[in-house]
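In case you want the letters, here they are:
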Amino acid sequence: IIVLDAGHGGANLGAQVKQPYYVPEKRLTLSTAMLTKKYLEQLGYKVVLTRSKDIFLPLVKRVNIANRTNSEVFVSLHFNSCRDKKISGVEVFYSDNRSLKKAKASKKLAYFIVSNLVMKTKAYSRGVKKANFYVIREAKMPAVLVEGGFMTNPKELNLLRKREYLEKVSKGIAEGIDKFI
């Protein structure tokens, strides 16, 4: 069982870009979650989504879903923003604030995902980083937070708006999870 968490949702739009197109992060995360679910199911996994429509779930509920399902991994999906519009790339975060065993497994999962993301999308790798984000810290299983690109970089935003590119992002995530497992 894999739990995919489409970040933000409902009134929580996440990052937003208004020029030249209006794109809220919550829309990209939900599309990516649905596509990643499809690819994981094709690989034989059972997938649980924290949300499958445009609603907001508090962080504690997202983690509770993961912890109740006894999933193998928890992956929270996001897209980045930055004042510097030149910044681009993908990065994956893990937490080392629980057990050493979980931290090592989460770090390994992060490396598999980031390398497969880069292989599929040809995006710049910003690497694997430690973070203390609630959802990855409180999940009991290996957990990562994926930043699938910078919405504030015009070139990346143009790619992120295209279904074909989100499919590459989703396949990279799914294949990274599969290689980890």
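Residues numbered from 1 in each chain as written. Predicted model: local features only at pLDDT ≥ 70, side-chain atom pairs only at ≥ 80, totals over all residues. Heavy atoms only, no water.

**Some points on the packing of helix α1 (residues 25-42) against helix α6 (residues 163-180)**
Put simply, the test is: For helices, the axis comes from a line fit to the C-alpha atoms of the stretch in contact; other axes are also lines fit to C-alpha atoms, and the angle between any two N-to-C directions lies between 0 and 180 degrees. Only DSSP runs of H or I reaching four residues or more are called helices, and only runs of E reaching two or more are called strands; each is numbered from the N terminus. In these notes the angle categories are as follows: under 35 degrees is roughly parallel, over 145 is roughly antiparallel, 65 to 115 is roughly perpendicular, and the rest is oblique. The handedness criterion is simple: a crossing whose near helix is rotated anticlockwise from the far helix by less than a right angle is left-handed, and one whose near helix is rotated clockwise is right-handed. The contact rule is simple, with two residues in contact once any of their heavy atoms fall within 4.5 Å.
Interaxial distance between α1 and α6 falls to 8 Å at its minimum, and their mutual angle equals 55 degrees. Considered as vectors, α1 and α6 are oriented oblique to each other. Crossing geometry of α1 relative to α6 is assigned as right-handed. Taking contact as the criterion, the partners of Leu28, Ser31, Thr32, Leu35, Thr36, Lys38, Tyr39 and Leu40 in α1 are, on α6, Arg163, Leu166, Glu167, Val169, Ser170, Lys171, Ile173, Ala174 and Ile177.

**Some points on the packing of aromatic side chains**
Let me state the cut-off plainly: When two rings of Phe, Tyr or Trp (its six-membered ring) have centres within 6.5 Å they constitute a pair, described as stacked for plane angles under 30 degrees, edge-to-face for angles over 60, and tilted for the intermediate range. Burial here depends on accessible area, computed with a 1.4 Å probe over protein chains only, as a share of the maximum for the residue type. Under 20% is buried, over 50% is exposed, and the range in between is partly exposed.
Per the stated rule, a full pass over the model turns up one aromatic pair. Here Phe93 and Phe133 contribute two aromatic rings whose centre-to-centre distance is 5.3 Å and whose plane-to-plane angle is 75 degrees, an arrangement assigned as edge-to-face. With a gap of 40 residues between them, Phe93 in strand β6 (residues 90-94) and Phe133 in the loop between β7 (125-130) and α4 (134-138) connect regions that are remote in the sequence. According to the relative accessible area criterion, Phe93 is buried, its value standing at 11%.

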